Amino acid sequence: MDRILFNSRDPQHKTPFGTVRTGDCCVLRLLTPHVSGATGVTLMLEDCDEQPLRELPFVPESEDADVRWWRCEFSLPRGLYFYWFRVEKAGGSFRLFRQGEQTNMESGEKWQLSFVPADHTIPDFACGAVMYQIMPDRFWQSGECDLSEKLRPFSVHASHAEQPCYTADAGGNWCGDFYGGNLRGIQEKLPYLRELGVGILYLNPVFMAYSNHRYDTADYKRVDPMLGTEDDFRALCDAAHENGMRVILDGVFSHTGSNSVYFDAKHIFGHGAVSDPASPYREWYHFRHYPDSYDCWWNMPTLPNVEELTPSYVNYIIEDEDSVIAHWLRLGADGYRLDVVDELPDEFVAKLKRRMRAVKPESILLGEVWEDASNKRAYGVSRRYFVDAELDSVMNYPWRKAILAFAKGEDDGTGFGEAVMTIAEHYPPQVLNSVMNLLGSHDTTRLLTELSGVQANSREEKAAVRLTEEQRRLAIERERLAAFLQFTLPGIPSIYYGDEVGMEGFDDPFCRAFYDWENGDEALRAYYRGLSRLRNESEALRRGTVRVLEAGRGRIAFLRETAEQKATVFVNCTDKSWQLPDGYARFGCTMCVDREKNTLLPGGFCVLFSQKSAE
C-alpha cells in the first residue's frame, strides 16, 4: 500500500458514524504507509465559517512492517465543524483533504463533523411514517361553505376537471381561482388515506388568505372561509387521530399577505399597518417610505416581509397564551412545516420549537430546506437547525434529485449512492429517520410529468401538454422505481396528492389541479398501497440505519438494519441478471425475481429480508 487512507464512513477510521452527541467522544484513525515518510499527523479543525479553530495531534496506535495506524480522540461543544489533516515528514509537511470516500493531497474538500445535542428526541409517530401532502382547495369538497366573508375577488371553477388558471384575471389578479375543496372533504376521504397506509397528513396553508395557495396569510387565527370553520378543523383532527393519523400545518411566518388584518393594503380590515398609522402591527414591517415602499418577499408587493424578532410579533405568533402556535396545537394540530425556514432567524425558530413542545410535547417541527440542511448558509450565516435541535425534520430535496436522476437514467447509481451516504453522514440519526422524502410537491413539476422527460417552456405550452400513451407508460415504469427507492430509504416517504394515481402537470399552477377521482390509475394506486404495507410492517425500513453496499453501473444495493431485522434493497437497471445472497425477497417489480436461484432479473428490484426476519 502506498496511499494514506482515511474514510469517514468506515468504522475503522471514524466512530461514531456521522454526527456525534455532545458529551461523547469522536475517534479518528488514519492509516499511513511507511513509504509515505509520515512522522506525525495533526487534525486541523475549523469552525462553521471554516476559520482555524484547533490543532489536535494524533498518536501512534499500532504498526507492522508496512503501515502505521494513528489515533485521535476528542470531544467538542455542539456545533458544525470542518476538518483536514496535516501530515509531518522529514523536511516538511503536506495537507490531506477529502476526495470522494478517500483522501487527496494538498487540495480538495474538507470533511464535515457536527456535535449535536444529546437530548434531542423526536416524536415516535414521525419515525418512518408515510406522509400525504394535500392542497386543501384541490382535494375533495363535502357540502358547501359560507363564502360571505371570503376575500374578494375570487372565482370558483364550474368543474373539478378544469385546469387551474395560469393567467391573471381581467383585473390583473393572480391565484384567485378556487375549486371548493374543504376540510370536511378531507375528513370524508380519511378512509381512503387510511387504506393508503398514511400516518401523517401535511396540509398546505389553511389560514384565511386571498390566494388559492394561501401563502399570503390574511388572518393567522382564522380558517379560510372557503375551507370551513374552526369547528371543521377540530373535527378533522379528531377524526384523523381516531384513524391513527397526525396533522401537520404549514406555518408561513416570514411574510404575511398585503391584504391582511396586519398590513391591510386595501383598507378592508381597518387597523393594519397601512390603513392605520397607529396600528400595533406597523412595527412588524420595514417601511422604506411609509406607506408605499416596504420590504417584501422576493420583491412581491403582495407579500410584505415581517421583522420576525419584533417582540409583539414573537408574542403573537409564539409566546402569548393564545398565540398562533398554541391556538392550532390545542385545536388538534400535531406540528408545523415552516415555509422558507432559511428566512426565519435561528432565534425565532428556537423559540417556536420550545413553545410547541411546551404546549404539546409530542409535536414535530419540519422545515422547508432545498439543500443539505446540516451545513445550510443563508444570508451569510450558518444555520443551526441540527446543532441546536431547532428542527426535527426537513424536506429532503437532495434525495429527490438523486432518485429522479437515477430513475430517468441520467445517473448510473454513483450519484445516488453518494447523495444517500452524504445526508446519512450529515444528519443526526433521529432526524434521518424522520426526514421528509418527497418526490413531488406544490412547488415542483408533477412526478409523472417529470419522469416522462417531456419538455415545455411557456405557460401556454405547459397548459397544452398531455402525455402520449407511450410517454405515460415509460413515466409510470419510472415512477414505480422512484417510489420504491423513496419508500425503502430512511425517513418519511411523502406522497403529493394525486401522484399515487398518475396525475400529470408541469410546475405551478399545473401541478395544483383538483384530485382526479374519476380517472386515476388504479394499478398505480394499488402499488403505493403495497409500498406502504411493506414499510409499515418492516421495522428495518421504518427505523433502521442505512449503508450503501453498491452503487454504480446501473446497480444499487443498500442495507437497512435494526438490532432485530435486516432488509437489503436491490435495484438492477442493467441488461444482465444479478445473483442475490440468500434471503426472502419481497416486493419486486412485477416480482422480477427468480426465486429458485434468488436472481434479480434485468430491470428488477426487490427487498431481501433475512430468513430469520421473514419467519
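Residues numbered from 1 in each chain as written. Predicted model: local features only at pLDDT ≥ 70, side-chain atom pairs only at ≥ 80, totals over all residues. Heavy atoms only, no water.

Caption draft 1: Region of the structure containing the packing of helix α4 (residues 311-319) against helix α6 (residues 346-359). In contact at an axis separation of 10 Å, α4 and α6 are set at 35 degrees when each is read in the N-to-C sense. You can see that α4 and α6 cross each other, and the crossing is right-handed. Where α4 approaches α6, its residues Y313, V314, I317, I318 and E319 are matched on the opposing element by F348, K351, L352 and R355. (Axes fitted to C-alpha atoms, helices over the stretch in contact; angles between N-to-C directions. Helix = DSSP H or I, 4+ residues; strand = E, 2+ residues; numbered from the N terminus. Left-handed = near helix turned anticlockwise from the far one by under 90°. Contact = heavy atoms within 4.5 Å.)

Caption draft 2: Structural detail: the pairing of strand β12 (residues 131-134). Across the two faces of β12 the burial is the same, with M131 and Q133 and Y132 and I134 all buried. Relative to strand β15 (residues 200-203), β12 is paired through four bridges, and the arrangement is parallel. Paired with I134 across the strands is L203, a residue of β15. Two elements, β12 and strand β27 (residues 492-496), share three bridges in a ladder whose sense is parallel. Note on β27: the bridge partner recorded for Y132 is I495. (Buried < 20%, exposed > 50% of the residue type's maximum accessible area, 1.4 Å probe, protein only. Pairing = 2+ DSSP bridges.)

Caption draft 3: Summary view of the sheet that holds strand β21 (residues 335-338). With respect to topology, eight strands assemble into an open sheet ordered β25-β22-β21-β18-β15-β12-β27-β26, the strand pairing being parallel. One side of each edge strand has no neighbouring strand; the edge strands of this open sheet are β25 (393-394) and β26 (436-438). Looking at chain direction, β21 and strand β22 (residues 364-367) are connected through four bridges and run parallel. When the bridges of β22 are listed, R337 appears paired with L366. Across the sheet, helix α12 (residues 469-488) touches β26 and β27, and the angle it forms with β27 is around 140 degrees.

Caption draft 4: Highlighting the packing of helix α7 (residues 397-407) against helix α8 (residues 414-426). In the contact formed by α7 and α8, the axes pass within 9 Å of each other and the chain directions differ by 165 degrees. In this view, α7 runs roughly antiparallel relative to α8, as classed from their interaxial angle. For the element pair α7 and α8, the recorded crossing hand is left-handed. Counted together, P398, W399, A402 and I403 of α7 and F416, A419, V420, I423 and A424 of α8 form the full contact between these two elements. (Parallel < 35°, antiparallel > 145°, perpendicular 65-115°, else oblique.)

Caption draft 5: A look at the packing of aromatic side chains. The tally for this structure, following the rule as stated, stands at 48 aromatic pairs. Each member of the aromatic cluster is reached from another via a ring pair, and the members are F207, Y220, F233, F253, Y262, Y281, W284, Y313, Y316, W328 and F348. Sitting above the plane of the W140 ring, K189 keeps its charged end 4.4 Å from the centroid. Note that R282 overlies the ring of Y290, its terminal NZ or CZ placed 3.6 Å from the centroid. (Phe/Tyr/Trp six-rings, centres within 6.5 Å; stacked < 30°, edge-to-face > 60°. Lys NZ or Arg CZ within 6 Å of the ring centre and 35° of its normal.)

Caption draft 6: Spatial organisation of α8. Compared with the 18 Å implied by 1.5 Å per residue over 13 residues, the 18 Å span of α8 between its first and last C-alpha is a close match. Counting buried residues in α8 gives ten out of 13 residues, a clear majority hidden from the surface. Taken together, the buried positions of α8 are F416, G417, A419, V420, M421, T422, I423, A424, E425 and H426. (Expected span 1.5 Å × (residues − 1).)

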